[in-house]
Amino acid sequence: MDTTQNVAQRYDDLLDLYSQYSSLYFSSPSHSLLAKPPFAQLVSERVGDIAQRAQESLSIAKQLGFADPIIMGAIGFDGEDASALRVCNNVIRQTKMPFASGDASGGIAFNPSQAGAHRITPVPSGQVFKNSVNEALTLFEQTPLQKVVLSRALDVQFESAPNIPLALKSLAVKNPLGYTFAVPLNAAAPATVVGNRVLIGASPELLLSKSGKDIHIHPLAGSIARSENPSEDAQKADGLLQSAKDLYEHRVVVDAIEKSLRPFCKSLRVPRTPSLMSTATMWHLGTHITAELNDETLSSLALALALHPTPAVGGYPVADAKQAIKKLEQYPRDFFTGIVGWCNAQGDGEWAITIRCAEVFNHRVRVYAGAGVVAGSCAEKEYAETAAKFNTVLNAFGVKPVKERVPKQTKSKVSEEEVHV
Ligand SMILES: C=C(O[C@@H]1C=C(C(=O)O)C=C[C@H]1O)C(=O)O
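Residues numbered from 1 in each chain as written. Predicted model: local features only at pLDDT ≥ 70, side-chain atom pairs only at ≥ 80, totals over all residues. Heavy atoms only, no water.

K.L.:
Which residues make up the overall build of the protein, and what values go with them?
P.N.:
Assigned secondary structure in the protein consists of 9 helices and 24 strands. For the protein, buried positions account for 54% of its 421 residues. Taking contacts inside the protein between residues at least 6 apart in sequence as the whole, the part at least 24 apart equals 73%. Carbon and sulfur atoms make up 52% of the accessible area of the protein, which totals about 17,900 Å². (Helix = DSSP H or I, 4+ residues; strand = E, 2+ residues; numbered from the N terminus. Buried < 20%, exposed > 50% of the residue type's maximum accessible area, 1.4 Å probe, protein only. Contact = heavy atoms within 4.5 Å. Areas by Shrake-Rupley, 256 points an atom, 1.4 Å probe, with all protein chains shown as cover.)

Listed below in structure tokens is the structure:
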């Protein structure tokens, strides 16, 4: 008997109903949602219109007799330029089992073995990424830019089609305290076969959740890869909590969110110092922000779009950061660092930031990762951080982890080990 499989099934039965090109899946720490066809594609004719169109479509669905329609899907980094949102009338919900506190894996081992023959190509090359970090350091001296998040991707070309449902199950099981998702991206395909491009991932970062008038936001900024050695792992966590550069990188994000959010709120609670949070691969600094809205009819999607992109994934000031990203990143982010989640007719919902993710297109899986750059950042370390972040998704497809650069002591000299991407 395959007990690993049985445990994984009990963990989230919804995943057994998932079909890669015709389902949408989103799970948060408390519940999982699975939407099945028929869907209506949500389109907006004018930029800036999508949140309003979403609420109108949900009202129409209610008038048509659907009990609890929701909008589900993703919007790209550049906002409505790339949007894959659907009106879903056929949604199954499952409440998650509670997890032992501090047990990020839920105590479940689940090791899919897919991979098979594959080739990895960095997009752009590691050197181009490091050069862009150094160029950003110059921009901090010469322009008002204070922080920019720079990213890169890996194209993993498989010989045979990767198993998306298996990868999704692995992501959900290994990241029970995160936001796991799968969204078909082809807008033009008929409703029953919604496409062969799929966005998949497990984000640790909540842009916002809304329930009635209550808002919760959990920005992350300031990160370090975890270690398998427990004492080294604890040292890394301690180091992160004390790192002036990371605390500054985090402060920029929290201050900007507070400023954008305040006009919408009756009350706002922002802890003065961040706390540690972890995934299986990374340590992060995070701040739990809570607020009460002035107007509880404001939808979670409208508010998410008002905050997006936060300096956690863009930078600060926002316009300068967007310009720097356009100039320094030599590939399109598409849906990476956009938003992914759901919103119902009352406006309640959850929107995560689309990170630790990949876009699967036939046999190719493009995996993305970025890192915040501020004055004092080091190109080599930002590169290592992105390498470590790739592992969340690479592990789910059974691809050997990408190791960060580790100095290796030999008799006569220090040489470099690993990392070819
Ligand atoms: C852009 C990413 O992550 C963002 C950048 C972080 C950082 O620089 O510390 C942390 C979490 C995210 O807000 C990513 O994971 O790809």
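K.L.:
Kindly report on the nonpolar core, identifying the contributing residues and their values.
P.N.:
In terms of nonpolar packing, the biggest core is built from 62 residues, with F26, M72, L85, C88, I217, L261 and L301 touching the most fellow members. Setting aside anything within four residues of it in sequence, one finds L261 in contact with I217, L268, I289, A291, L303 and L307. Counting 28 residues, the second-largest nonpolar core is a separate cluster that includes V156, I164, A358 and F397. (Core = buried A, V, L, I, M, F, W, Y, C linked by side-chain atoms within 4.5 Å.)

K.L.:
Residues and numbers for the site of the ligand, please.
P.N.:
Taken together, 17 residues are adjacent to the ligand, and E205, S223, R356, G370 and G372 come closest. Measuring from an oxygen atom of the ligand, one finds a backbone N or O atom of L220 at 3.0 Å. Within the side chain of E249, one N or O atom sits 3.0 Å away from an oxygen atom of the ligand. Expressed as a share of its isolated accessible area of 390 Å², the protein-covered part of the ligand is 100%. At the level of elements, β13 (220-225), β22 (364-374) and α9 (379-396) are the ones that each hand at least two residues to the shell around the ligand. When its residues are assigned to classes, the shell around the ligand shows 8 nonpolar, 4 polar and 5 charged. (Near = heavy atom within 4 Å. Polar contact = N/O pair within 3.5 Å; in protein donor to acceptor, adjacent residues only side chain to side chain. Nonpolar A, V, L, I, M, F, W, Y, C, P; charged D, E, K, R; others polar.)

K.L.:
Talk me through unusual backbone geometry; I want residue IDs and the actual numbers.
P.N.:
Along the chain, H308 connects to P309 via a cis peptide bond; the corresponding omega equals -10°. Residues Y316 and P317 are joined by a peptide bond in cis, for which omega reads -10°. Within the fold, P317 resides in the loop between β18 (315-316) and α8 (318-328). One non-glycine residue, D334, lies in positive phi territory at about 55°. Residue position: D334 is located in the loop between α8 and β19 (339-344). The phi dihedral of T337 falls on the positive side, at around 65°, and the residue is not glycine. The topology assignment puts T337 in the loop between α8 and β19. What makes T337 buried here is its relative accessible area of 1%.

K.L.:
Give a description of the sheet that holds β13 that names residues and reports values.
P.N.:
Pairing is antiparallel across the open sheet formed by 3 strands, whose spatial order is β13-β16-β15. Of all the strands in the sheet, just β13 and β15 (275-278) have a single pairing partner and so form its edges. Ignoring strand direction, the axes of neighbouring strands in this sheet form an average angle of 30°. Strand direction decides the pairing type here: β15 and strand β16 (residues 282-286), joined by 4 bridges, are antiparallel. Within β16, the residue paired with S278 across the bridge is W283. Each of β13, β15 and β16 touches helix α5 (residues 230-242); the most contacted strand, β16, lies at about 25° to it. Of the strands in this sheet, β13 and β16 touch α9, which is tilted by about 105° from β16. (Pairing = 2+ DSSP bridges. Axes fitted to C-alpha atoms, helices over the stretch in contact; angles between N-to-C directions.)

K.L.:
Can you break down the environment of A67 residue by residue, with the values?
P.N.:
For A67, the position within the fold is in the loop between α2 (50-63) and β4 (70-76). Between the alpha carbons of A67 and A312 there is a distance of 36 Å; along the sequence they are 245 residues apart.

K.L.:
Give a description of helix α4 (residues 164-174) that names residues and reports values.
P.N.:
In terms of burial, α4 is largely enclosed, as 8 of its 11 residues are buried. Those residues of α4 lying buried are I164, A167, L168, K169, S170, L171, A172 and V173. Measuring from the backbone nitrogen of L166 back to the side-chain oxygen at the start of α4 gives 3.0 Å, which picks out N163 as the cap.

K.L.:
Any details on the packing of aromatic side chains? Residues and values, ideally.
P.N.:
Overall, the coordinates contain 4 aromatic pairs when judged by the stated rule. If you follow R152 out to its NZ or CZ, it ends over the ring of F129, 5.7 Å from the centre. Taking NZ or CZ as reference, R333 lies 4.4 Å from the ring centre of F77, over its face. (Phe/Tyr/Trp six-rings, centres within 6.5 Å; stacked < 30°, edge-to-face > 60°. Lys NZ or Arg CZ within 6 Å of the ring centre and 35° of its normal.)

K.L.:
A description of a nonpolar patch on the surface should follow, citing residues and the corresponding values.
P.N.:
On the surface, I60, L64 and F66 cluster together into a nonpolar patch covering about 300 Å² of accessible area. Take L64: it is sitting in the loop between α2 and β4. On the accessibility criterion, L64 (64% relative accessible area) is exposed. (Patch = residues over 30% accessible without salt bridge, like charges linked within 9 Å, V, L, I, M, F, W, Y side chains within 5 Å. Salt bridge = Lys/Arg side-chain N within 4 Å of Asp/Glu carboxyl O.)

K.L.:
Could you give an account of the side chain of T310, with specific residues and numbers?
P.N.:
Along the chain, T310 turns up in the loop between α7 (300-307) and β18. Its relative accessible area of 3% is what places T310 among the buried residues.

K.L.:
Please provide a residue-by-residue account of the packing of helix α3 (residues 126-142) against α8, values included.
P.N.:
Running from N to C, α3 and α8 cross one another at 145°; their axes reach a closest spacing of 11 Å. Helix-helix and strand crossings are classified by hand; for α3 and α8 the assignment is right-handed. Contacts between α3 and α8 involve S132, E135, A136 and L139 on the former and, on the latter, A324, K327 and L328. Of the residues that constitute the contact of α3 with α8, the class distribution is 4 nonpolar, 1 polar and 2 charged. (Left-handed = near helix turned anticlockwise from the far one by under 90°.)

K.L.:
How would you explain the pattern of salt bridges if you had to name every residue and give the values?
P.N.:
Using the criterion set out here, one finds 17 salt bridges in the structure. Between E359 and R197 there is a salt bridge, and its shortest N-O distance comes to 2.7 Å. Residue E359 is located in strand β21 (residues 357-361), and its partner R197 is located in strand β10 (residues 197-203); the two are separated by 162 residues in the primary sequence. For R197, a relative accessible area of 23% corresponds to the partly exposed category. In this structure, K245 and D246 form a salt bridge, with 3.4 Å as the shortest nitrogen-oxygen distance.

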